[in-house]
Amino acid sequence: MFKSTDAEIEAIFGRRALEGRSAIVTGSTSGIGLGVAQALAKAGAAVMLNGFGDPAEIERQRAEMAQENDVDVAYDSADMSSPEAIRMMVERAGARFGQVDIVVNNAGIQHVAPISEFPTAKWDAILGINLSAAFHLVQATYGPMRARGYGRVINVASAHGLVASPYKSAYVAAKHGLVGLTKVVALEGAEFGITANAICPGYVWTPLVEQQIDDQAKSHGIARDAVIRDVFLKNQPTKRFATVEEMGALSVFLCSNAAASITGTAIPVDGGWTAH
Ligand code: NAD
């Protein structure tokens, strides 16, 4: 029996399965992105972190990740709503690592409102960060991946890339779009050693979700446990949150040579939610 997901991954793939590879993980200063970056670093890949947050805390995470895993870890503050900033981040990653083998499009934002009240600026921002940024990052890294005959594109979509919920028009549209983009990248890259897959999480235990639970408990005046059971895990048959370590483990697998034929997929990691 393995003590942790990390130990299990190490046993399956060996200590440094991704040694010599380098990755950009967008939105990796917290939550799923941070978990994926940690897993890739643990597997031996150099990693460029990206996202917003307290500079001192980001530097602490960067230095710790580099030291613990004996890999190069950089940080770039590129705003994923800016195609130009994305291109410059890719240039800096190329200059630092020599190449970019793996891109994980994870940065994402959410806004919940009925269609009639949905602010246009929120629609544009969600489409820009959750969908268009992935296109720009793939476009900027695709040529060299193709020339080297290896590339891994992982798009962190959502169960909402496969099914819809009310009041999430922009998010659901962007995540469905991301699943579509994944398929096109997979088809165009198939002959050149480039795979593209979407990870479609249900609810994952992240600081963001924890905060939402507290907020809902307060605003509805109900217990935290009830919010978790009746709101968040209502549609998640396993009745548990997925973990960022599980997202990281799947990402390492998708980057491995063992996953060379897995491409163009949208993999639910949702405790059975979309099996309904
Ligand atoms: P999070 O808020 O903890 O992390 C989001 C990250 O994106 C942060 O690092 C943030 O700084 C970064 N970010 C936001 N806007 C950015 C921008 N303009 N430019 C660069 N970085 C930016 O959220 P999370 O829960 O870890 O979610 C990560 C991804 O997973 C998102 O795409 C989200 O839609 C998806 N997802 C999350 C869940 C869940 O339950 N947590 C479920 C399904 C899908």
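Predicted model, so just to flag it, every value in this text is computed and none were measured.

(A) Structural view of the site of the ligand. Taken together, the neighbourhood of the ligand is formed by 29 residues, with T29, S30, N106, Y171 and V204 sitting nearest. Between the ligand and the protein, one listed contact pairs an oxygen atom with a backbone N or O atom of F52 at 2.8 Å. In this structure, D79 approaches the ligand through a side-chain N or O atom, which is 2.9 Å from a nitrogen atom. For the ligand, the accessible surface in isolation is 830 Å², of which the surrounding protein chains cover 90%. Elements with a contribution of two residues or more to the shell around the ligand: helix 2 (31–42), helix 6 (169–189) and helix 7 (207–220). Looking at the shell around the ligand, its residues break down into 15 nonpolar, 12 polar and two charged. For the shell around the ligand, the two domains that each supply at least three residues are domain 1 (6–204 + 243–275) and domain 2 (206–240).

(B) Fine view of the sheet that holds strand 3 (residues 73–76). Read across the open sheet, the seven strands follow the order 3-2-1-4-5-6-7; overall the sheet is parallel. A single partner strand is all that each edge strand has here, and the edge strands are strand 3 and strand 7 (266–269). Each strand of the sheet is rotated relative to its neighbour by a mean of 20°, with strand direction disregarded. Inspection of the sheet shows strand 4 (residues 102–105) paired to strand 5 (residues 151–156) by four bridges, in the parallel sense. Bridge assignment links V104 to a residue of strand 5, and that residue is I154.

Criteria and cut-off values
The numbering scheme is per chain: residues are counted from 1 as the chain's sequence reads. At least 70 in pLDDT is required for a residue's local features to be given in this predicted model, at least 80 for side-chain atom pairs to be given and counted, and no such filter applies to totals for whole chains, interfaces and linings, which use all residues. The side-chain values count all of the structure's non-hydrogen atoms but skip hydrogen atoms and water molecules. Note on definitions. A residue lies near a molecule or strand when any single heavy atom of the residue is within 4 Å of it. Between N or O atoms, a polar contact is any pair within 3.5 Å; within protein, one atom must be a potential hydrogen donor and the other a potential acceptor, and residues adjacent in sequence are included only when both atoms are from side chains. Using a 1.4 Å probe, the Shrake-Rupley method yields the accessible areas, and only the shown protein chains count as cover for residues. What counts as a helix is a DSSP run of H or I of at least four residues, what counts as a strand is a run of E of at least two, and both are numbered from the N terminus. Note on residue classes: Ala, Val, Leu, Ile, Met, Phe, Trp, Tyr, Cys and Pro are nonpolar, Asp, Glu, Lys and Arg are charged, and everything else, Gly too, is polar. These domain boundaries are the output of an automatic or database domain assignment. Note: two strands are recorded as paired if DSSP finds a minimum of 2 bridges between them. Only the stretch in contact is used when a helix axis is fitted, and all axes are lines through C-alpha atoms; the angle between N-to-C directions ranges over 0 to 180 degrees.

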